[in-house]
Structure formats: C-alpha cells, structure tokens
Amino acid sequence: MHFRPRYTGLIERYRDRLPIHDDTRIISLGEGNTPLIRLSNIPRVIGKEVDIYVKYEGLNPTGSFKDRGMTMAVTKAVEAGSRAIICASTGNTSAAAAAYAARAGITAFVLIPEGKIAMGKLAQAMMHGSIVLQIRGNFDAGMQLVKDVAEQAPVTIVNSINPFRLQGQKTAAFEIVEELGRAPDYHCLPVGNAGNITAHWIGYCEYSSASGDHVTAACSYCNGHCAYAGGAVVGNRPKMIGYQAAGSAPFMRGAMVDNPETVATAIRIGHPQSWEQAWKVKEESGGWFDECSDEEILAAQKLLAEKEGVFCEPASATSLAGALRDVKNGKIPEGSSIVCTLTGHGLKDPDTAIQQSGGNVHTIDASLDAVRKAILDGMA
Ligand SMILES: *Cc1c(COP(=O)(O)O)cnc(C)c1O
C-alpha cells in the first residue's frame, strides 16, 4: 500500500512561490487541485480538431475559484491581526469570504446586490455566519462603498484589489502547466473584474521563466508581493482571451458600463477593478477580448452539461461559449490546445438552470405500464 501526503491546499503545495512565512498560520479548506477535464464529445459536435480542456474550478470547497484567492487573503489578514474582513460580491466572493472567515474565527461582512445573486451563493453566505448587507444597488456601487468604509473601519478588504487574492489565484496556472507539461496555446476566461485573467497571466509568466522565477514584465502586477524577480522566459505562455457578457462588456466598449445586465450574474460588473492590468495581459499575451450574448452563454452551459457531464454556472460557460465560436470561425486554429476556466459550479444557480433546461421532466402514473411507455418513448 502506498501513502501519499494528504492534500492540504494550495498554500502548502506552492508555499515557495507564495508570500508566506514558515510560521504563518494557514487558513485552508483544501482548495485548488481541481480537475482539468479534456472534452471528448464537443469537438466532434462542432467538427473541429482541437484539444479543449476545462479547468473545473467549481470543485473548489465553496464551489468557485474564489477559494484560491480567499485562502491567501484570509491567511494574510489573520497574520496581520485583522479581526474582520469585508467584500462586495456578485455572490461567489461572499460565499468564499464567509467560509474562510468561519474557518479563521473572524467576522465577514459581505455587500451583495439585492435580488441579483444566485440562490446557492446567498445560502452559503448565510450558513457560514457572515453578516450579509443587501444593498439597493449593483456590484459596482457595493465595491465603492467597501473601499470607502475600509478607510474608516478596522476591516480588511478581500476583493481582488487585495493583492494576495491574485497570488492565490495564480496557482491555477501552475496546476495546468504541471498537468499538460506545457502551457496551452490559448487560455479562455470569463471576465468580470478581470482579477482572475490577471492572476493566471502572473502564474504563467512565473512558470515560463527560467528556474520558476518571475519575469520582469509581469512583476508589475504583483505590487511587490511575489517571491521572485528577474529571469528570462524559457517556456511557452498562452494567448489570454477574456470573454464578457454582451450586456456587461466594458472591455469591448472601451469604457465603464453604468448599468450592466446579464443572466451571468457573477460577471455583472460594469467597472472592472483590474482594468489596466487586463489590457496589459491582452497586449503581452497576444490575446483578445470578446463578448457573448446571454443566449450563447446559456447554450454553452447546456451543451457542456448534456454532452460532457460537466455542470457550471452561467458566467463560467462564457469562456466555453466564446472559445467554441472562435474555434468555429477559425480565429483559434485547428490543432490548438485550449483551456477554458469554468469558474463556478452549476449548483450555485439552480433557478437559472431549471428555467433554461427545458426539462425532460414528465409526470406519470406510478405504474409499470407508464414507466415502460416512458422508456420506449425516451429511447425512440
Ligand atoms: C468572480 C467570478 C468571475 C469573474 O472573475 P474576475 O476575476 O472578477 O474577472 C467569473 N465567474 C464566476 C463564477 C465568478 O465567481
């Protein structure tokens, strides 16, 4: 019998690449180490020779990639002696903040837009004992309030403007390179505040430089929080592609959007906090931004669930929706390797799923005849 050391989260795993001290008390729920699933049916459906992988971040402890950032942000907040954290959230950040604060034994205040967060996320924030402040305003308004109040109250902001968030989130890129043996040709993400696309680029840059060092070009993202500096690029890096929801696409408009609207509530953000960084990621990587309609997003979510058995939330499907379109139109050439980040789990938003599934739900009599008929009909 072979023993493997118990997996205890991404800070332990990548300790030498994160701003952590030997005696830092690590606040972890075993986040990271998520599956990289190779799509086996969808490339056939679209008739293209491409290697598409989905990084299923919905399998993190609270069901989204936010856990990667939150383990770092809360660990560092506790290390600094903070007794409370605060965030504005479209839902997943509040779920992660609530859970990690519970784990750490500190208080979490979460500001969410009233009526605009998915049911699962609200349930998480409530169950983990955070103090939920539903504001009559959208995410962007909540974000401004959080920034203002943190100047006057003893609370640590754990939105992605907290640099430790991106440090934790960069580890997703490490995992991908380690599993594929190289970086993919293209990495597609849904973009809201653009923290995650920035964090992935930091990760790829660190990994691609000699001896795992940070490349100089990317260092400016880290506000001095990276453990590495200097070093030449030796490995490949992907083109980074950021897809937004059409009703909430400031990067496509080239300007902030004041009243963003989309079914993909996790990316219903009109004033991205990592605006400058994301443009730099696009330039440096040779990638692009594009937008997907709500219909395209929901179609990709359903396709993935039906053809591959992978259930992600609407915002997450934006990466796949965009990637499939760019594969079909040849912008992403055949023969490419592509990773799409699936940022959150489908169970986060059961209402949207049930509404859009069209539902093969049949109400029948509890009789053998009725069931037999249903099977014959279903196989026809
Ligand atoms: C937070 C979130 C995003 C957007 O990530 P950013 O770093 O804000 O760009 C996308 N999808 C889901 C499910 C999220 O929770």
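Up top is the structure these notes are about.
Residues numbered from 1 in each chain as written. Predicted model: local features only at pLDDT ≥ 70, side-chain atom pairs only at ≥ 80, totals over all residues. Heavy atoms only, no water.

Asks: So what exactly am I meant to see when it comes to the site of the ligand here?
Replies: Every one of the 17 residues lining the ligand counts as a neighbour, but Lys66, Asn92, Asn193, Ala194 and Thr343 are closest to it. Within the contact set of the ligand, an oxygen atom lies 2.8 Å away from a backbone nitrogen or oxygen of Gly192. One of the backbone N or O atoms of Asn196 is found 2.8 Å from an oxygen atom in the ligand. Burial of the ligand by the protein chains amounts to 97% of its free accessible area of 380 Å². Of all the secondary structure elements, the ones that give two or more residues to the shell around the ligand are helix 9 (195-208) and helix 14 (314-328). In terms of residue class, the shell around the ligand is made up of seven nonpolar, eight polar and two charged. (Near = heavy atom within 4 Å. Polar contact = N/O pair within 3.5 Å; in protein donor to acceptor, adjacent residues only side chain to side chain. Areas by Shrake-Rupley, 256 points an atom, 1.4 Å probe, with all protein chains shown as cover. Helix = DSSP H or I, 4+ residues; strand = E, 2+ residues; numbered from the N terminus. Nonpolar A, V, L, I, M, F, W, Y, C, P; charged D, E, K, R; others polar.)

Asks: What is the right way to read the packing of aromatic side chains from this model?
Replies: Aromatic ring pairs are reported here in terms of the distance separating the ring centres and the angle at which the planes meet. With the rule as written, the count across this model stands at eight aromatic pairs. With 4.7 Å between their ring centres and 20° between their planes, Phe251 and Trp275 make a pair best called stacked. Here Phe251, found in helix 11 (residues 250-253), pairs with Trp275, found in helix 12 (residues 275-285); they are 24 residues apart in sequence, far enough to count as distant. For the residue pair Phe251 and Trp275, the accessibility class agrees, reading buried in each case. Taking the centre distance of 5.7 Å and the plane angle of 80° together, the rings of Trp275 and Trp279 count as edge-to-face. Taken together, the residues span about one helical turn, with Trp275 and Trp279 both in helix 12 at a distance of four residues. One aromatic cluster in this structure is built from Phe251, Trp275, Trp279 and Phe289. In this structure, Arg17 packs its charged tip against the face of Phe174, placed 5.0 Å from the ring centre. (Phe/Tyr/Trp six-rings, centres within 6.5 Å; stacked < 30°, edge-to-face > 60°. Buried < 20%, exposed > 50% of the residue type's maximum accessible area, 1.4 Å probe, protein only. Lys NZ or Arg CZ within 6 Å of the ring centre and 35° of its normal.)

Asks: Can you walk me through helix 16 (residues 368-379) in this structure?
Replies: Residues spaced three or four apart along an α-helix point in a common direction, a consequence of the helix completing one turn every 3.6 residues. Between its terminal C-alpha atoms helix 16 stretches 17 Å, which fits the 16 Å expected from 12 residues at 1.5 Å a residue. In terms of residue burial, helix 16 counts as a barely covered element, since only one of its 12 residues are buried. (Expected span 1.5 Å × (residues − 1).)

Asks: Even after reading the chapter, I still don't get the side chain of Asn60, so can you show me in this structure?
Replies: Relative to the helices and strands, Asn60 resides in the loop between strand 2 (51-56) and helix 3 (66-79). We classify Asn60 as buried; its relative accessible area is 4%. Within the local environment of Asn60, its side chain forms a polar contact with the backbone oxygen of Glu57, the two atoms lying 3.0 Å apart. The contact partners of Asn60, leaving out residues within four places of it in the chain, are Glu31, Gly32, Thr34, Phe65, Asp67 and Arg68. (Contact = heavy atoms within 4.5 Å.)

Asks: Hey, could you run me through helix 14 in this one?
Replies: Over its 15 residues, helix 14 runs 21 Å from end to end, which matches the ideal 21 Å to within 8%, given 1.5 Å per residue. Where helix 14 ends, the next residue or the one after it, Gly330, has phi of about 85°, a positive value.

Asks: How should I be thinking about the sheet that holds strand 8 (residues 239-245) in this particular structure?
Replies: Strand pairing in a sheet is mediated by backbone hydrogen bonds. Such pairs are either parallel or antiparallel. Strands sit in the order 1-2-10-7-8-9 across an open sheet of six strands; the sheet is mixed. Taken across any chain shown, the strands that pair with only one partner, and hence form the sheet edges, are strand 1 (36-38) and strand 9 (288-292). The average undirected angle you get between the axes of adjacent strands in this sheet is 25°. (Pairing = 2+ DSSP bridges. Axes fitted to C-alpha atoms, helices over the stretch in contact; angles between N-to-C directions.)

Asks: Teacher, can you tell me more about the pattern of salt bridges here?
Replies: Pairing is possible between side chains that carry opposite charge, provided their charged atoms lie close to one another. In total, this model carries 19 salt bridges according to the counting rule given. A salt bridge links Glu79 to Lys76, with the shortest nitrogen-to-oxygen separation between them at 2.7 Å. Taken together, the residues Glu79 and Lys76, both in helix 3 and three residues apart, mark about one turn of the helix. Relative accessible area serves as the criterion here: at 34%, Glu79 is assigned to the partly exposed category. Look at Lys76 and you get buried, because its relative accessible area is 10%. Of the charged contacts in the structure, one is a salt bridge between Glu261 and Arg268, with a shortest N-O distance of 2.9 Å. The partly exposed category is assigned to Glu261, whose relative accessible area is 42%. Salt bridges sharing common partners tie together Lys55, Glu57, Arg68 and Glu175. (Salt bridge = Lys/Arg side-chain N within 4 Å of Asp/Glu carboxyl O.)

Asks: Explain the state of the cysteines to me, please; I cannot follow it from the model alone.
Replies: Disulfides are covalent bonds that connect the sulfur atoms of two cysteines. Counted under the stated rule, the structure contains zero disulfides. You can see Cys312 has no disulfide; the closest cysteine sulfur is in Cys340, sitting 9.8 Å from it. Residue Cys312 is classed as buried on the basis of its relative accessible area, which comes to 0%. (Disulfide = S-S within 2.5 Å.)

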